[in-house]
Amino acid sequence: FDLALRKFITAVNDKEVTTRIPVPQMGEDGNIKYNHTKEPVEVTTKDIVTYTLRVYNEGEINGYASKVSDDLPEGLEFLPENSLNKEMRWVMYDKDGKETTNVKDAVKITTDYLSKEQGEERMKQDSSLKENPNLIKAFDTSKDISDTNPDYKEVKIAFKVVEPNSSKKILVNAAQISDDSDEDGNEVDDEDSIPDKWNEGEDDQDKEYVKLVEFDLALRKWVTQAIVIDENGQETVTETGHKAEDDPEELVKVDLKKSKINKVTVTFRYSIRVTNEGQIPGYVKEIKDYIPEGLKFVQEDNPQWTQIEENIITTDAAKDIL
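Residues numbered from 1 in each chain as written. Predicted model: local features only at pLDDT ≥ 70, side-chain atom pairs only at ≥ 80, totals over all residues. Heavy atoms only, no water.

**Digging into helix α2 (residues 116–125)**
Each turn of an α-helix holds 3.6 residues, which means side chains three or four residues apart point in the same direction. For clarity, the threshold we go by: Classification of residues uses two cut-offs on accessible area relative to the type maximum, computed with a 1.4 Å probe and protein chains only: under 20% is buried, over 50% is exposed, and between them is partly exposed. A run of H or I in DSSP becomes a helix once it reaches four residues, and a run of E becomes a strand once it reaches two; helices and strands are each numbered from the N terminus. The arc in question is traced by the directions running from the helix axis to the C-beta atoms. Whether two residues touch is decided by their heavy atoms; if any such pair falls within 4.5 Å, the residues are in contact.
Listing the buried residues of α2 in full gives K116, Q118 and G119. Projected down its long axis, α2 shows its buried positions confined to an angular sector of 165°, all on one face. The exposed set on the far side of α2, more than 90 degrees from its buried face, consists of K124 and Q125. At its buried positions, α2 is contacted by β7 (63–71).

What follows is the structure, encoded as structure tokens:
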């Protein structure tokens, strides 16, 4: 009897991750190895990271992963109300091993989702199931290793990243099989592992890694032109020569004769530039601009902008620009 566990990230927020799925191979020593990267996945604060815990059967006996456990490291927050976590039947435990409903007190979570009993419950609810869906069948030595040999079952878990983006820490999350049974639900000894005990080198446990990267957009706004239309309708455009890098930007002055001040229209044209100073790509979903006293927003001059309040305008013109 020999169950093995592999843990890997399968999603960050709504983006599926497919590059970390284990690929089983037969090692030169005759033992099954799993080839999948453990290079930390880059995340930002508030990201929701979904992990998959896959239990393989490398042995000669059918069996069940009756309980699977996962630790709760600092920087990752378990989400008890998350629909996936509810479906997967995760239960929180404190440092004394007592069940708790307080996330702050929890140090470990455990699920019986893959147990014989939970498989039987699903069979009651789904008459099309002819055998227990949680049964992990024995490794078929007469066949080559493939996506289905050794057989496996999976359980998932979602965490929220609460570590600040400025952190340089790599967040390590560990999982292991904490109880198992044979096909009849009886206790059984795993050939090379002790369930619910972390011993380095055992194959019923695995770790996965994430690291924080900064998301950092910066905005600069500067005056590019002063446009004067005199009483005769003649337009004069003056280039300011200012750049986004000017800090501080010099004042832009327009000299007018006092006697003609009410007969002249003065327009200022601005440029806005957003740069990405962070470590991951992103989008500018909306830019907001505040109209100061003394300036008037003219809609026909600004077709990409929308006035939402008396002194506030917005644009989503850059929303699809990576």
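**Remarks on the pairing of strand β12 (residues 152–161)**
Let me state the cut-off plainly: Strands were regarded as paired on the criterion that DSSP finds at least two bridges between them.
In the sheet, strand β6 (residues 48–57) pairs with β12 via 9 bridges, with the strands oriented antiparallel. Its bridge partner being in β12, V55 is matched across the sheet by K153. By the bridge criterion, 3 bridges tie strand β8 (residues 76–78) to β12 in an arrangement that is antiparallel. Residue pairing for β12: L76 is matched across the bridge by V161.

**Looking at the sheet that holds strand β15 (residues 217–229)**
Rules: The axes used here are C-alpha line fits, helices contributing only the stretch in contact, and every angle between their N-to-C directions lies in the interval 0 to 180 degrees.
Read from one edge to the other, the open sheet built from 3 strands follows the order β16-β15-β17, with strand pairing classed as antiparallel. The open sheet has two edge strands, β16 (235–239) and β17 (265–276), and neither has a second partner. Taken over all neighbouring pairs, the strand axes of this sheet differ in orientation by 25° on average, direction set aside. One ladder, built from 12 bridges, connects β15 with β17; its direction is antiparallel. Within the sheet, the bridge partner assigned to L217 lies in β17 and is N276.

**Quick notes on the environment of L84**
Looking at the element boundaries, L84 is found in helix α1 (residues 83–87). For the pair L84 and T50, spaced 34 residues apart in sequence, the C-alpha separation works out to 9.2 Å. In this structure L84 touches T50, K156, I157 and A158, once residues within four positions along its chain are discounted.

**A few points about the pairing of strand β1 (residues 3–12)**
Each regular strand carries side chains that alternate between the two faces of the sheet. Of all 10 residues that make up β1, 10 are buried, and the element is covered over most of its length. Bridging between β1 and β6 involves 9 bridges; their strand directions are antiparallel. Counted as the bridge partner of L3 is N57 from β6. Relative to strand β2 (residues 15–16), β1 runs antiparallel, the two sharing 2 bridges. Paired with V12 across the strands is K15, a residue of β2.

**Description of the nonpolar core**
For the record, the criterion: Throughout, nonpolar core names a set of buried Ala, Val, Leu, Ile, Met, Phe, Trp, Tyr and Cys residues whose side chains join them through atoms within 4.5 Å.
Residues Y51, V55, V68 and W90 are the most contacted members of the largest nonpolar core, which totals 36 residues. With 5 residues, β12 is the single largest residue contributor to this core. Apart from residues lying up to four places away in sequence, V68 is in contact with L5, L53, V55, W90, I109, T110, T111, L114, V155, Q176 and S178. Core analysis: the second largest hydrophobic core is formed by 6 residues, V284, I291, W305 and I313 among them.

**Quick word on the side chain of S69**
Counted only if it meets this: Each polar contact in these results corresponds to two N or O atoms within 3.5 Å; when the atoms are within protein, one needs to be able to donate a hydrogen and the other to accept it, and residues that are neighboring in sequence are counted only if both atoms are side-chain atoms.
Position of S69 among the secondary structure elements: in strand β7. A relative accessible area of 3% places S69 in the buried class. In this structure the side chain of S69 is engaged in a polar contact, spanning 2.8 Å, whose partner is the side chain of T110. Residues contacting S69, with those up to four places away along its chain left out, are L53, W90, K108, I109, T110, A174, A175, Q176, S178 and D196.

**Observations concerning unusual backbone geometry**
A cis amide bond links N149 to the next residue, P150, at an omega of 15°. Here P150 lies in the loop between α2 and β12. Of note in the backbone geometry, N13 takes a positive phi value of approximately 55° without being a glycine. Along the polypeptide, N13 turns up in the loop between β1 and β2. On the basis of relative accessibility, which here comes to 37%, the residue N13 falls in the partly exposed class. The phi dihedral of K46 is positive, around 85°, even though this residue is not glycine. Looking at the secondary structure, you find K46 in the loop between β5 (41–43) and β6. Judged by relative accessible area, which is 63%, K46 ranks as exposed.

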